[in-house]
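Below are the chains, spelled out letter by letter.
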Amino acid sequence: MITREDIEKKYLKLSNRQLLDIIDNKHQYTEIAVIVALQELSKRNIDENEIKSYKENQLKEVDSFIKKNIVDDLNFFQKNVFFFLWLD
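Rules used throughout
Residues numbered from 1 in each chain as written. Predicted model: local features only at pLDDT ≥ 70, side-chain atom pairs only at ≥ 80, totals over all residues. Heavy atoms only, no water. Salt bridge = Lys/Arg side-chain N within 4 Å of Asp/Glu carboxyl O. Helix = DSSP H or I, 4+ residues; strand = E, 2+ residues; numbered from the N terminus. Buried < 20%, exposed > 50% of the residue type's maximum accessible area, 1.4 Å probe, protein only. Core = buried A, V, L, I, M, F, W, Y, C linked by side-chain atoms within 4.5 Å. Contact = heavy atoms within 4.5 Å. Patch = residues over 30% accessible without salt bridge, like charges linked within 9 Å, V, L, I, M, F, W, Y side chains within 5 Å. Areas by Shrake-Rupley, 256 points an atom, 1.4 Å probe, with all protein chains shown as cover. Axes fitted to C-alpha atoms, helices over the stretch in contact; angles between N-to-C directions. Parallel < 35°, antiparallel > 145°, perpendicular 65-115°, else oblique. Left-handed = near helix turned anticlockwise from the far one by under 90°. Nonpolar A, V, L, I, M, F, W, Y, C, P; charged D, E, K, R; others polar.

S.K.: Looking at this model, I keep getting lost on the pattern of salt bridges. Mind explaining?
M.R.: Should their charged atoms come close, side chains of opposite charge can pair. In this structure the tally under the stated criterion is four salt bridges. Here glutamate 61 makes a salt bridge to arginine 17, at a shortest N to O gap of 2.7 Å. Highlighted residues: glutamate 61 in helix α4 (residues 48-71) and arginine 17 in helix α2 (residues 16-24), separated in sequence by 44 residues. Using a relative accessible area of 33% as the deciding quantity, one classes arginine 17 as partly exposed.

S.K.: Even after reading the chapter, I still don't get the nonpolar core, so can you show me in this structure?
M.R.: Residues Tyr11, Leu14, Leu19, Leu20, Ile22, Ala37 and Leu41 are the most contacted members of the largest nonpolar core, which totals 13 residues. Put simply, the parts of the chain that give this core at least two residues each are α1 (4-12), α2 and α3 (31-44). In contact with leucine 41, not counting residues within four places along its chain, are Asn16, Leu19, Leu20, Ile23 and Ile46.

S.K.: I would appreciate a short explanation of a nonpolar patch on the surface in the present structure.
M.R.: Taken together, the side chains of Val62, Phe65 and Ile66 define a hydrophobic patch exposed on the protein surface, amounting to about 270 Å² of accessible area. Mapped onto the elements of the fold, phenylalanine 65 is located in helix α4.

S.K.: Can you walk me through the side chain of glutamate 40 in this structure?
M.R.: Position of glutamate 40 among the secondary structure elements: in helix α3. When residues no more than four places from it in sequence are discounted, the contact partners of glutamate 40 are Tyr11, Leu12 and Leu19.

S.K.: Help me understand the packing of α2 against α3 in this model?
M.R.: Put simply, α2 and α3 touch, their axes get as near as 9 Å, and they point 140° apart. Taken together, α2 and α3 sit at an angle that is classed as oblique. As for the relative orientation of α2 and α3, their crossing is left-handed in sense. Along the contact surface, α2 presents Asn16, Leu19, Leu20, Ile22 and Ile23, while α3 presents Ala33, Val34, Ala37, Leu38, Glu40, Leu41 and Arg44. Of the residues assigned to the contact of α2 with α3, the class counts are nine nonpolar, one polar and two charged.

Written out as structure tokens, the structure reads:
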């Protein structure tokens, strides 16, 4: 079993961005992991600008994902495959 100390040692090596990812996706982690991530970030004294930059990057990634997967039109081959599979 992984102990709190193991998590602390691992999180000590993570970047600020990785720790912010843990906090941002806290539903994917245990309560202890999120608490340790918060404590590690508080030790590092990151400022609001770094958090703001992280959030802006997250928004850019989401925007890019939407454009890539939803907005971009299918190419000719993809349209044909979809058309013929749809008819079956």
